[in-house]
Amino acid sequence: MALMANTTAKSDKLAHLSACIGRVAEKRDKSAFAELFDHYTPLIRAYSLAREPGADLVADDLVQEVMTRVWLKAAKYNARLANLNTWIFTLARNCRIDYLRRNSRYATEIDPTDIFNEIEDEGPGPFQMVQQSRVQQSIRAGLEQLPKEQSEILTKVYLEGKSHQQTSDELKLPLGTVKSRVRLALKKLEVLVTR
Amino acid sequence: MDKSNNHPDDELLAAYSAGSLPLSQALCISAHLEHCQSCGQKLQQLNHVGSELMQQLKPSKVSDELKNKLLGMLDSLPQDIAQEQPREIDSRVPRCLHQFIDKSYDDLDWKRVSADIHSAELCRDSNGARVELLKIKPGGSATTHTHMGDEYTVILEGSFSDESGLYGQGDFLVRDENDQHTPVATQDRECICLAVTEGPIQFTGFLHRLLNPFIRRGYA
Ligand SMILES: [Zn+2]
């Protein structure tokens, strides 16, 4: 019962935020933008700190970079292709990759911009939308029930941005175990559709 | 639409979605995604996983100062960042490689590797991996080098076959140093592949380079 109420509250909130991005796109509405700012930036900041604990300036830079893109790209956001949370996640991920590349000890000329397409021009058609929201709910419910040893690894990979090798080194687990735990977790979350 | 039969592993696709993959490997995944709808759908779901994990983070308060600063900047942001300049580029070139190629594969600085193979180095990754295109003549042997780490290959044009089967456009292959396969391009046309070869970063040291010119070159 509590879980149901929680889920409803979350989807109401998301619907409201989606309306905000619409107002930003169409009317360049700054108060709508401020609402998006209030909701998402503490998460974006936490996402940055997950990778670099204590790096407050880096976290603020990421906030600024992501929210700048939200303002500039609002018109490109297409709710039929991805929900707003996922769009923001991909923006934050892309900005973090770009930041790391520019500040890496070992330089690379590879520009991530064209590698990680932003969601506006990829993704499923409208007929898959219903399925998509169902999948997302099962992912959310599944994450809560994941064994700690599996969720710990997803956290390392997704939030801390660790490679499989780094995860293996930090947790003192064989590389094969790391990979199989990722795979098991995804299977539990029903991410792995059979081909 | 799904032309491809060989896909990246799920955990590799997850690392791509998480943004924790070296950019050279991410290039290969991206090139594969242009040809593979089923991996594209998986990626959508993997992005949802990242999104949900992010929602579960303990929020970290952002200062009013930063908020006011950004709100004050909005009107002066350059609007053209969001606009992409359309480019005249050969439609065969995957989007992720546009950064290295001016108009078509022909513009690249192709170097002869063997009687059958030409290669064009595109760049190096920060982990030392070499990113290059390989062009194999029709019917030519695609066995290039005795490499030391994993090698990621995506077929961009043409096809090749080996003991285990036929590989075509979009196919994604990972081979390790123990791989004994001897791929051969099919007779009908030349084959172009994107290849990423892991190179141990310590081999770029001056002394090592001096002592191991052949290792560094990578082709034996
Ligand atoms: Zn695929």
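Rules and cut-offs
- Residues numbered from 1 in each chain as written.
- Chains lettered and ligands numbered in written order.
- Predicted model: local features only at pLDDT ≥ 70, side-chain atom pairs only at ≥ 80, totals over all residues.
- Heavy atoms only, no water.
- Donors = N, O, S within 2.8 Å, 3.2 Å for Na, K, Ca; no water.
- Tetrahedral: all angles 85-135°; square planar, octahedral: opposite > 155°, others 65-115°.
- Helix = DSSP H or I, 4+ residues; strand = E, 2+ residues; numbered from the N terminus.
- Buried < 20%, exposed > 50% of the residue type's maximum accessible area, 1.4 Å probe, protein only.
- Pairing = 2+ DSSP bridges.
- Contact = heavy atoms within 4.5 Å.
- Axes fitted to C-alpha atoms, helices over the stretch in contact; angles between N-to-C directions.
- Buried area = accessible area lost by both parts, 1.4 Å probe.
- Salt bridge = Lys/Arg side-chain N within 4 Å of Asp/Glu carboxyl O.
- Polar contact = N/O pair within 3.5 Å; in protein donor to acceptor, adjacent residues only side chain to side chain.
- Patch = residues over 30% accessible without salt bridge, like charges linked within 9 Å, V, L, I, M, F, W, Y side chains within 5 Å.
- Areas by Shrake-Rupley, 256 points an atom, 1.4 Å probe, with all protein chains shown as cover.
- Lys, Arg positive; Asp, Glu negative; His and termini not counted.
- Charge placed at Lys NZ, Arg CZ, Asp CG, Glu CD.
- Domains from an automatic or database assignment.

1. Observations concerning the coordination of the zinc ion
Ideal coordination angles are 109.5 degrees for a metal with four donors arranged tetrahedrally and 90 or 180 degrees for a metal with six donors arranged octahedrally.
Residues and elements named next belong to chain B.
Then step 1. Bound to the zinc ion on the protein side are His7 (ND1), His32 (NE2), Cys36 (SG) and Cys39 (SG), at distances that span 2.0 to 2.3 Å.
Then step 2. Because the angles between the four donor atoms bound to the zinc ion fall within 100 to 113 degrees, the donor set is best described as tetrahedral.
Then step 3. Mapping the donors of the zinc ion onto the primary sequence gives the spacing H-x24-H-x3-C-x2-C. One end of the pair, His7, is in the segment before helix H1 (10-18); the other, His32, is in helix H2 (residues 23-33), with 25 residues separating them in the sequence.
Then step 4. The class of His32 is buried, set by a relative accessible area of 0%.

2. Let's talk about the sheet that holds strand E2 (residues 117-124) of chain B
Strands pair in a sheet through their backbones, by hydrogen bonds, and they do so in one of two ways: parallel or antiparallel.
Residues and elements named next belong to chain B.
Then step 1. Spatial strand order, E1-E2-E3-E9-E4-E7: six strands in an open sheet with antiparallel pairing. This sheet does not close on itself; its edge strands, each paired only once, are strand E1 (111-112) and strand E7 (172-175).
Then step 2. Sheet topology note: the strand E3 (residues 130-136)/strand E9 (residues 191-197) ladder contains seven bridges and is antiparallel. Bridging from a neighbouring strand, Leu134 pairs with Cys193 of E9.
Then step 3. In the packing of H2 onto the sheet, contacts are made with E3, strand E4 (151-157), E7 and E9, and the angle to E4 comes to roughly 35 degrees.

3. What about the interface of chain A and chain B?
Then step 1. Taken residue by residue, the interface counts 78 residues in chain A and 68 residues in chain B.
Then step 2. Where chain A abuts chain B, roughly 6,500 Å² becomes buried across the two surfaces, and 63% of that area is made up of carbon and sulfur atoms.
Then step 3. Scanning the region where chain A abuts chain B turns up six salt bridges.
Then step 4. Ionic pairing is found between Arg140(A) and Glu52(B), a salt bridge with its closest N-O pair at 3.0 Å.
Then step 5. Here chain A is connected to chain B by 18 residue pairs in polar contact (both at pLDDT 80 or more).
Then step 6. Elements with a contribution of two residues or more to the side of chain A that touches chain B: helix H2 (30-51), helix H3 (56-73), helix H4 (84-102), helix H5 (129-145), helix H6 (148-159) and helix H8 (175-188) of chain A.
Then step 7. Here the side of chain A that touches chain B takes 15 residues from H2(A), the largest share from any one element.

4. Notes on a negative patch on the surface
Then step 1. A surface patch of negative charge is lined by Asp102(B), Asp106(B), Asp107(B) and Glu190(B).
Then step 2. The topology assignment puts Asp106(B) in the loop between helix H4 (64-73) and E1.

5. Re the domain arrangement of chain A
Accessible area lost upon the coming together of the parts is a frequently used measure of interface size.
Residues and elements named next belong to chain A.
Then step 1. Split into domains, chain A comes out as domain 1 (2-119) and domain 2 (146-193).
Then step 2. Tallying the contact residues gives five residues for domain 1 and four residues for domain 2.
Then step 3. Here domain 1 and domain 2 share an interface that buries about 390 Å² over both sides, 53% of which is from carbon and sulfur atoms.
Then step 4. In this assembly, domain 1 and domain 2 are joined by zero salt bridges.
Then step 5. Elements that contribute at least two residues to the side of domain 1 that touches domain 2 include exactly H2 and H4.
Then step 6. Considering every element that reaches the side of domain 1 that touches domain 2, the biggest residue donor is H2, with three residues.

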